[in-house]
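Geometric and topological summary
Take a look at the letters that make up each chain.
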Amino acid sequence: MQTPAIPDSEQQRLSALRDTGLLDTVPEKRFDRLTNLAQLSLGTEIVLISLVDSDRQWFKSKQGLDACETARDVSFCGHTILGEGIFEVPNALLDNRFADNPLVLGGPNIRFYAGVPLVSDGEKIGTLCFIDSKPRTFTDTERQIATEFGKSIEQEIQDRLQDHAHQQLAAREQMYRSVLEGTKIGTWQWNVKTGETVLNERWADIMGYTLAELEPISVDTWLNFLHPDDVAESDAQLEDHLNGKNSFFDIKCRMKHKDGHYVWVHDRGKVVTYTDDGKPHMMYGTHADITQQKLGQIALQQSRDQLYKLTQELPGVVYQYQSWPDGRNAFPYASSAIKDIYGVTPEEVLTDASNAFAKIYQDDLTALVDSIQHSIDTLSVWELEYRVVDDNGLPKWLSGSATPERMPDGSTLWHGYIQDITQTKEHYLKLEQLNQQLNIAQQSLDLASEQAQIGYWQASLKHGTLWWSPMIYQIFGLNEQDFSPSVSLFKSAVHPDDVVKVEQSEDQARITGIHNVIHRIIRPSGEVRWVHELGQLVSEDKKPDLIMIGSVQDITDRMKLQKIKDDFISTVSHELRTPLTSISGALNLLQSGKIVSLPEKAQKLMDIASSNCLQLSRLINDLLDIEKLAAGKMLFEMKPLVMPPLLQRALNDHQPYAAQHNITLALQHTPQINDVTIYVDEHRLLQILTNFLSNAVKFSPQNGKVTLSALVIDDHIEIAVQDQGSGIPDDFKDKIFEKFSQADASSSKAKGGTGLGLALCKELIGAMNGSIGYQSEPGSGARFYVRLPIMK
């Protein structure tokens, strides 16, 4: 087993992981929805969001697995974060890095693994991984889908960070509002031209006076209370504002209290009207006691610095947007990320937002303006997804949300957040497209199911529950609205003569995991139909409820044709067998020379006739065996069996035949073979191996080698025969298990054969709940194998 290496940037990676705040948190729907959708889209047994910690991998979201974490040194994800892009292992059992990994040899019995690195703050913090207990390879489309899901999860991680940051920001904002609401503010008005000044009662109260005590009031009233050291700064600030250098007059200064001490005040004002010649006319402002705030200024500044840093580091823009009744609009505050969002700086939209509006995608401008107006009219939260045009002329999707507030001057001020959702939007658009394709595929599957008369079912052998697809109701002649699927409903439809056969197959399925039976059903109308049931038991460690899934196909028409064919073969075979036996006996007597001595030429003709008679006899025997299998009349003596003695016997039986053709026979099997048991008919399995070995010897070159091997693959045993012949031609591969199929007529005549051997092998292994297959490349020999389930 290969332990994953530690990345060079491990400390930075772990820091980025911890910054996400995901480790050891409760499950969240935002992630579970994506892993569930990924599992449905790609059909893998297990989908995980795995976060690779210092000595473990912890699962933030999991589908198909109960464990919450595993050790990092045995993890597949530890390898994924070392590279770029998707990391895929088609068959872990055949991969030297993972073959002896405890996650491969034991639960969850990983065979297939595919991991997509998850990146946060530039570091690979974990993976989105897909796991199956069977070997598999993703297609290019599946890899693309997996990668897109990874990007979506990365976006969800960022969204989660943004949500938390926004909550913190909202909390701080609320605190700041509470401070403002709890502070009484003085106000003032000043006619710049005449010097006339109007103060409110709170203005005087800050200095310990009543407003009446300050009469007569003028601009000198303010100047008389001002600390001498702050006069110059006050004059400079006022001059800069009146000259248009500053938008506001803004100063924090000291004012003399009635008791003789100084209080700190914050004065802020603005010229709101101008004379006809453009001179400042009326100026309005506020006068706030900030003495207590001044004492806590350092702490407040630190808090503001933290808030500023937080808003600057967010991927979106935190902002305030203000709209006045006269049509003016601006961003009084915007974090620097507005440059990424709108392509403008905070300074460029501080007093005029037209630069930002110029970036709006033309088709979305009307909807944006209408949404803002609706928020003004109703003071409802503004939310919208819209597009802007970037510097390259390409559209970019944004998502904005803001809470409105009516200001004293009649304007509306929003506090909100805008983020770039282009990737997420494209992802969801892609998902929508994939969902449409999935719907089309489902419709195609339903159509194919209807045309092929195949229905699908799922049953719990533990609880006795049953589910049917709509096609099964049609096959059984039932109305889906009137019946609910159940074991009793199914058994009531089985033909009485086939009940035992079905029950035996169900019992055998508990041992082998395979349910394979052809039987009759009786519809409510009295019509008898033939069906083929095929099911497989899901592993108990994955489905503790003993779930079996399978299909039902209406094969009535096929069975009718098969009966006509079998009747014909049976008739021909039996009619030929009796005269053929007599002919064979007569030929053997003539060949023996006991009756008459034949000339040499006649003897050769007699040998040819005898050989052809023997070949015809083998053909008839194979035909009769196939007929018995098709009719269900062939008896199988099924019993538990260990493999090594049977393999050696098959090899010993063929040594004389192999020696006759100068072929070497060899036996190979793994030590695991000694510890497993299969449930088969020993004689029929030998019959299959005899066919494989005789074919391999027949088609091997002189002094060639034929190897009989066995190995354990998952919960099956595979027995194979490999030769060194010329291989199977490409144009024959799809017909190799058909009856009377031979690759080359001239070759078959030279080698001998009926063309029924492999077809018979296929029927025999199928009757024993196994499967058959081959591997061959022209010029590199052929490898024929059978796979049988291991007894549990």
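Residues numbered from 1 in each chain as written. Predicted model: local features only at pLDDT ≥ 70, side-chain atom pairs only at ≥ 80, totals over all residues. Heavy atoms only, no water.

Here the focus is the overall build of the protein chain. Within the protein chain one finds 24 helices and 28 strands. Looking at the 792 residues of the protein chain, the share that counts as buried comes to 42%. Pairs at least 24 residues apart make up 57% of the contacts formed inside the protein chain by residues separated by at least 6 positions. Summing over all exposed atoms, the protein chain offers an accessible surface of approximately 42100 Å²; the carbon and sulfur share of this is 52%. (Helix = DSSP H or I, 4+ residues; strand = E, 2+ residues; numbered from the N terminus. Buried < 20%, exposed > 50% of the residue type's maximum accessible area, 1.4 Å probe, protein only. Contact = heavy atoms within 4.5 Å. Areas by Shrake-Rupley, 256 points an atom, 1.4 Å probe, with all protein chains shown as cover.)

Among the nonpolar cores identified, the biggest contains 46 residues, and Met 643 and Phe 692 are the most heavily contacted of them. If you list the elements that add at least two residues to this core, you get strand 22 (638-641), helix 20 (643-653), strand 24 (678-681), helix 22 (682-698), strand 25 (705-713), strand 26 (716-722), helix 24 (757-767) and strand 28 (782-789). Considering every element that reaches this core, the biggest residue donor is helix 22, with eight residues. Setting aside residues no more than four positions away along its own chain, Met 643 makes contact with Ile 673, Ile 678, Leu 685, Ile 717 and Ile 719. In this structure, Ile 49, Leu 51, Ile 125 and Ile 145 belong to the second largest nonpolar core, which totals 27 residues. (Core = buried A, V, L, I, M, F, W, Y, C linked by side-chain atoms within 4.5 Å.)

Most of strand 2 (residues 56-63) sits out of view: seven of its eight residues are buried. Of the pairings in the sheet, the one linking strand 1 (residues 46-52) to strand 2 comprises six bridges and is antiparallel in character. Bridge assignment links Ile 49 to a residue of strand 2, and that residue is Ser 61. Between strand 1 and strand 2, which pair antiparallel in sequence order, lie three residues. Relative to strand 3 (residues 69-71), strand 2 runs antiparallel, the two being bridged by three bridges. Bridge pairing in strand 3 links Trp 58 to Glu 69. In textbook terms, the turn of a hairpin is the stretch between consecutive antiparallel strands, and for strand 2 and strand 3 this stretch comprises five residues, one of which, Gly 64, has a positive phi near 85°. (Pairing = 2+ DSSP bridges.)

Its 17 residues place the ends of helix 13 (residues 362-378) 25 Å apart at the C-alpha level, agreeing with the 24 Å of an ideal helix rising 1.5 Å per residue. Asp 364, Leu 368, Ser 371, Ile 372, Ser 375 and Ile 376 are the residues of helix 13 that are buried. Angularly, the buried residues of helix 13 cover 140° about the axis, an arc narrow enough to put them on a single face. Relative to its buried face, helix 13 has exposed residues pointing more than 90 degrees away, namely Asp 363, Thr 366 and Asp 377. Elements in contact with the buried residues of helix 13: strand 12 (317-323), helix 12 (354-357), strand 14 (382-389), strand 15 (395-406) and strand 16 (412-420). Trailing helix 13 by a residue or two, Leu 379 shows a phi angle of about 50°, which is positive. (Expected span 1.5 Å × (residues − 1). Arc of directions from axis to C-beta.)

Looking now at the sheet that holds strand 6 (residues 123-132). Hydrogen bonds along the backbone pair up the strands of a sheet, which may run parallel or antiparallel. In spatial order, the strands read 3-2-1-6-5-4; together these six strands make up an open sheet with antiparallel pairing. The open sheet is flanked by strand 3 and strand 4 (87-89), the only strands paired with a single partner. Averaged over all adjacent pairs, the angle separating strand axes in this sheet is 25°, with direction ignored. Across six bridges, strand 1 lies against strand 6 in antiparallel orientation. Pairing of Leu 48 across the sheet is with Cys 129, part of strand 6. This element, helix 1 (residues 10-19), spans strand 1, strand 5 (112-120) and strand 6 of the sheet and lies at about 75° to strand 6. (Axes fitted to C-alpha atoms, helices over the stretch in contact; angles between N-to-C directions.)

All right, on to helix 20 then. When helix 20 is considered as a whole, its buried residues turn out to be Met 643, Leu 646, Leu 647, Ala 650 and Leu 651. Angularly, the buried residues of helix 20 cover 135° about the axis, an arc narrow enough to put them on a single face. What points out from helix 20, more than 90 degrees from its buried face, is the exposed set Pro 645 and Asp 653.

Right, let's talk about the pairing of strand 19 (residues 514-522) for a bit. As defined by bridge partners, strand 19 adjoins strand 20 (residues 528-537) across nine bridges and the pair is classed as antiparallel. Within strand 20, the residue paired with Asn 516 across the bridge is Leu 534. In this antiparallel pair of consecutive strands, strand 19 and strand 20, the connection spans five residues, and Gly 526 shows a positive phi of 95°.

A ring pair, where both rings are aromatic, is described by two values, the distance of the centres and the angle of the planes. With the rule as written, the count across this model stands at 20 aromatic pairs. Judged by centre distance (5.8 Å) and plane angle (70°), the ring pair of Phe 130 and Phe 138 falls under edge-to-face. Taking the relative accessible area as the measure of exposure, Phe 130 reaches 0% and is therefore buried. Centre to centre, the rings of Tyr 209 and Phe 225 are 5.4 Å apart; their planes meet at 65°, and the pair counts as edge-to-face. (Phe/Tyr/Trp six-rings, centres within 6.5 Å; stacked < 30°, edge-to-face > 60°.)

What the five strands build is an open sheet, ordered 8-7-11-10-9; its pairing is antiparallel. Across the chains shown, the open sheet's two edge strands, defined by having one partner strand only, are strand 8 (197-199) and strand 9 (249-256). Ignoring strand direction, the axes of neighbouring strands in this sheet form an average angle of 25°. As paired strands, strand 9 and strand 10 (residues 262-274) are joined by eight bridges and run antiparallel to one another. Opposite Ile 251, over in strand 10, you have Asp 267 as the bridge partner. Of the strands in this sheet, strand 7 (185-191), strand 9, strand 10 and strand 11 (280-289) touch helix 8 (residues 231-242), which is tilted by about 155° from strand 9.

Time to look at the packing of helix 20 against helix 22. The relative placement of two packed helices is expressed as an angle between their axes plus a distance between the axes. Where helix 20 contacts helix 22, the two axes come as close as 10 Å, and the packing angle between them is 45°. The pairing of helix 20 with helix 22 is recorded here as oblique in orientation. Relative to helix 22, helix 20 is oriented so that their crossing is right-handed. Of the residues in helix 22, those touching helix 20 at Met 643, Leu 646, Leu 647, Arg 649 and Ala 650 are Glu 682, Leu 685, Leu 686, Leu 689 and Leu 693. A per-class count over the contact of helix 20 with helix 22 returns eight nonpolar, no polar and two charged. (Parallel < 35°, antiparallel > 145°, perpendicular 65-115°, else oblique. Left-handed = near helix turned anticlockwise from the far one by under 90°. Nonpolar A, V, L, I, M, F, W, Y, C, P; charged D, E, K, R; others polar.)

Across all of its chains, the model carries 35 salt bridges by this definition. Residue Glu 28 pairs with Arg 160 through a salt bridge whose shortest N-O separation is 2.8 Å. Taken together, the residues span a long stretch of sequence, with Glu 28 in the loop between helix 1 and helix 2 (29-42) and Arg 160 in helix 5 (residues 140-181) at a distance of 132 residues. The class for Arg 160 is buried, based on a relative accessible area of 6%. With a closest N to O distance of 3.1 Å, Glu 142 and Arg 136 form a salt bridge. (Salt bridge = Lys/Arg side-chain N within 4 Å of Asp/Glu carboxyl O.)

This part covers the packing of helix 22 against helix 24. In contact at an axis separation of 10 Å, helix 22 and helix 24 are set at 150° when each is read in the N-to-C sense. Judged on the interaxial angle alone, helix 24 and helix 22 are roughly antiparallel. Where helix 22 crosses over helix 24, the two elements pack in a sense that is left-handed. Touching Arg 684, Gln 687, Ile 688, Asn 691, Phe 692 and Asn 695 of helix 22 are Gly 757, Leu 758, Leu 760, Cys 761, Leu 764 and Ile 765, all from helix 24. Its residues assigned to classes, the contact of helix 22 with helix 24 shows seven nonpolar, four polar and one charged.

Let's shift gears to the confidence of the model for the protein chain. Per-residue confidence for the protein chain averages 86 on the pLDDT scale, and 87% of its residues sit at or above 70. Low pLDDT, under 50, characterises residues 745-750; the stretch is placed with four contacts to residues that sit more than four places away or in other chains. (pLDDT = per-residue confidence, 0-100.)

A few words now on the environment of Gly 43. Position of Gly 43 among the secondary structure elements: in the loop between helix 2 and strand 1. Residue Gly 43 is classed as exposed on the basis of its relative accessible area, which comes to 52%. In this structure, Gly 43 is in contact with Ala 38, Asp 132 and Arg 136, ignoring residues within four places of it in sequence.

Turning next to a nonpolar patch on the surface. On the surface, a nonpolar cluster with roughly 280 Å² of combined accessible area is contributed by Leu 589, Ile 595 and Val 596. In this structure, Leu 589 sits in helix 18 (residues 556-592). For Leu 589, a relative accessible area of 46% corresponds to the partly exposed category. (Patch = residues over 30% accessible without salt bridge, like charges linked within 9 Å, V, L, I, M, F, W, Y side chains within 5 Å.)

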